[in-house]
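The chain contents come next:
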Amino acid sequence: MEKKKNIFMLANTELEAWMSEHEHKLFHVKQLLKWLYKFNVNDFEEMTDLSKSLRFELESSFDFLKPSIETIQKSTDKTTKFLIKLYDGNFVECVGIPGSGKLTICISTQVGCPMNCAFCSTARLGFIRNLGVGEIIYQVILVQEHLKQKASNLVLMGEGEPFCNFDNVKYALDLINSKDLLNIGARHITLSTCGILDKISDFAALNKQYTLAISLHSAVQETRNLLMPNLKNQPLARLKRELSSYIQRTNRRISFEYLLLKGINDDERHLNALIDYSKDLLSHVNLLEFNPFSNNSLNCSLNLKKSENTAFFQRELEKAGIPATIRISRGKDIAAACGQLVSKLH
């Protein structure tokens, strides 16, 4: 007997294939997706607009193993971190960040991460597995339900490299963006990537108004190699060509994420390289503070709120016609800030 698959691991295209194979109409997929991700039912029997025979077939073919909240931590700044338990005993973390009547949710796309970036604690886990479509979506659902607030913004900036799980991410965003389901506008969804070259074009081809954020951190090749060693075979010059093509195809501004690291990428040489790299691209630079974690020797370039160096970076970028914003981390006291997620029981 064939082992059942967890239905929350499947993409909509796989559900369509199953419906065709079992000689059911494809419109049932839309009904099924509504039950799964809008009404958030707990078993197939609750899907009352599906025939009893179809519900029986679904029950016979699939397990119904929803992600669930394992633990919750709340920061002094009201940021909330959720440890989500997955069907196979793995965990993943996501974060709810409130502000001015809005809610930003930061979600993960993989358990662990294959990229091995020096500034990120998730790298210590290594890569464990990709998240399924429903596991990506359910992070949003669970945070919204617990905080009793609809997300105004969604950022894929948690654990994992989204472009290394591109198909599942693509299908999950389709459903998150769908007016019939979670209805989060494409302009309010940001995907953050290290810049996997062969996926930038695929992302442009989606023809959606998502924001693309590039985890850059240095426009000097040897420094970026030090900080992001698994990208040595994807040089900055090629990345810039791909980004230029992306901007031409989509007419969408990109964001560069730039951690200011003391004694590594915060001097005038690195500033000038960043200006040269960004100035002929339709781009915006987010200047970020490094969020420390155990057994790591990196240091933030002083407190971003007080650092003259940070203000100097911002001023010089803007003088060169490059919009720049200083981003202050949220949730550091509960290890919920960028680079601190580790998907394990605390």
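The text that follows walks through the structure, step by step, so that each part is easy to find. (Residues numbered from 1 in each chain as written. Predicted model: local features only at pLDDT ≥ 70, side-chain atom pairs only at ≥ 80, totals over all residues. Heavy atoms only, no water.)

Concerning the pairing of strand E6 (residues 102-106)
And then number 1: Examined bridge by bridge, strand E5 (residues 91-99) and E6 share five bridges and lie antiparallel to one another. Looking across to E6, one finds that Gly-96 is bridged to Ile-105.
And then number 2: Where E5 folds back onto E6 in an antiparallel hairpin, the turn is made up of two residues, including Ser-100, whose phi is positive at roughly 50°.
And then number 3: Direction of pairing for E6 relative to strand E9 (residues 153-156): parallel, over a ladder of three bridges. Counted as the bridge partner of Thr-104 is Asn-153 from E9. (Pairing = 2+ DSSP bridges. Helix = DSSP H or I, 4+ residues; strand = E, 2+ residues; numbered from the N terminus.)

Quick word on unusual backbone geometry
And then number 1: Backbone geometry places Ser-100, a non-glycine residue, at a positive phi of 50°.
And then number 2: Summarising the element assignment, Ser-100 is placed in the loop between E5 and E6.
And then number 3: In this model, Asn-116 sits at a positive phi of 60°, which is unusual for a non-glycine residue.
And then number 4: Its place among the elements puts Asn-116 in the loop between strand E7 (110-112) and strand E8 (127-130).
And then number 5: Exposure remark for Asn-116: the relative accessible area of 40% places this residue in the partly exposed category. (Buried < 20%, exposed > 50% of the residue type's maximum accessible area, 1.4 Å probe, protein only.)

Structural notes on the side chain of Ser-75
And then number 1: Position of Ser-75 among the secondary structure elements: in the loop between strand E3 (68-74) and strand E4 (80-85).
And then number 2: A polar side-chain atom of Ser-75 sits 2.9 Å from a polar atom in the side chain of Asp-77.
And then number 3: Polar side-chain contacts of Ser-75 include one of 2.6 Å to the side chain of Asp-333.
And then number 4: When neighbours within four sequence positions are excluded, Ser-75 is seen to be in contact with Gly-331, Asp-333 and Ile-334. (Polar contact = N/O pair within 3.5 Å; in protein donor to acceptor, adjacent residues only side chain to side chain. Contact = heavy atoms within 4.5 Å.)

Examining the environment of Asp-174
And then number 1: Within the secondary structure layout, Asp-174 lies in helix H5 (residues 166-177).
And then number 2: Along the primary structure Asp-174 and Ala-186 are separated by twelve residues, whereas in three dimensions their C-alpha atoms are 9.1 Å apart.
And then number 3: Those residues in contact with Asp-174, other than ones at most four positions away along the chain, are Lys-208 and Tyr-210.

Concerning the pattern of salt bridges
And then number 1: Applying the stated criterion to the full structure yields 13 salt bridges.
And then number 2: Note that Lys-81 is salt-bridged to Glu-93, the shortest N-O span being 3.4 Å. You can see Lys-81 sitting in strand E4 and its partner Glu-93 sitting in strand E5, a full twelve residues away along the chain.
And then number 3: Between Glu-222 and Arg-269 there is a salt bridge; the shortest N-O distance is 2.5 Å. With Glu-222 in helix H7 (residues 221-227) and Arg-269 in helix H9 (residues 268-278), the pair connects residues that are 47 residues apart, well separated along the chain.
And then number 4: The network of salt bridges with common partners includes Asp-88, Arg-129 and Glu-135. (Salt bridge = Lys/Arg side-chain N within 4 Å of Asp/Glu carboxyl O.)

Let's talk about the sheet that holds strand E14 (residues 324-327)
And then number 1: The ten strands lie next to each other as E3-E4-E5-E6-E9-E10-E11-E12-E13-E14, forming an open sheet whose pairing is mixed. The open sheet has two edge strands, E3 and E14, and neither has a second partner. The sheet shows a mean angle of 25° between the axes of neighbouring strands, direction not considered.
And then number 2: Along the sheet, helix H4 (residues 133-147) makes contact with E3, E4, E5, E6 and E9, crossing E5 at roughly 50°.
And then number 3: Relative to the sheet, H9 contacts strand E12 (254-260) and strand E13 (283-289), its axis offset from that of E12 by approximately 175°. (Axes fitted to C-alpha atoms, helices over the stretch in contact; angles between N-to-C directions.)

Overview of the packing of aromatic side chains
And then number 1: Under the defined criterion, the tally for this structure stands at 13 aromatic pairs.
And then number 2: With a centroid separation of 5.0 Å and an interplanar angle of 55°, the aromatic rings of Trp-35 and Phe-39 are classed as tilted.
And then number 3: Since its relative accessible area comes to 45%, Phe-39 is described here as partly exposed.
And then number 4: An aromatic cluster of at least three residues, connected via ring pairs, comprises Phe-8, Tyr-37, Phe-44, Phe-64 and Tyr-138.
And then number 5: Over the aromatic face of Tyr-277 sits the side chain of Lys-240, whose NZ or CZ is 5.3 Å from the ring centroid. (Phe/Tyr/Trp six-rings, centres within 6.5 Å; stacked < 30°, edge-to-face > 60°. Lys NZ or Arg CZ within 6 Å of the ring centre and 35° of its normal.)

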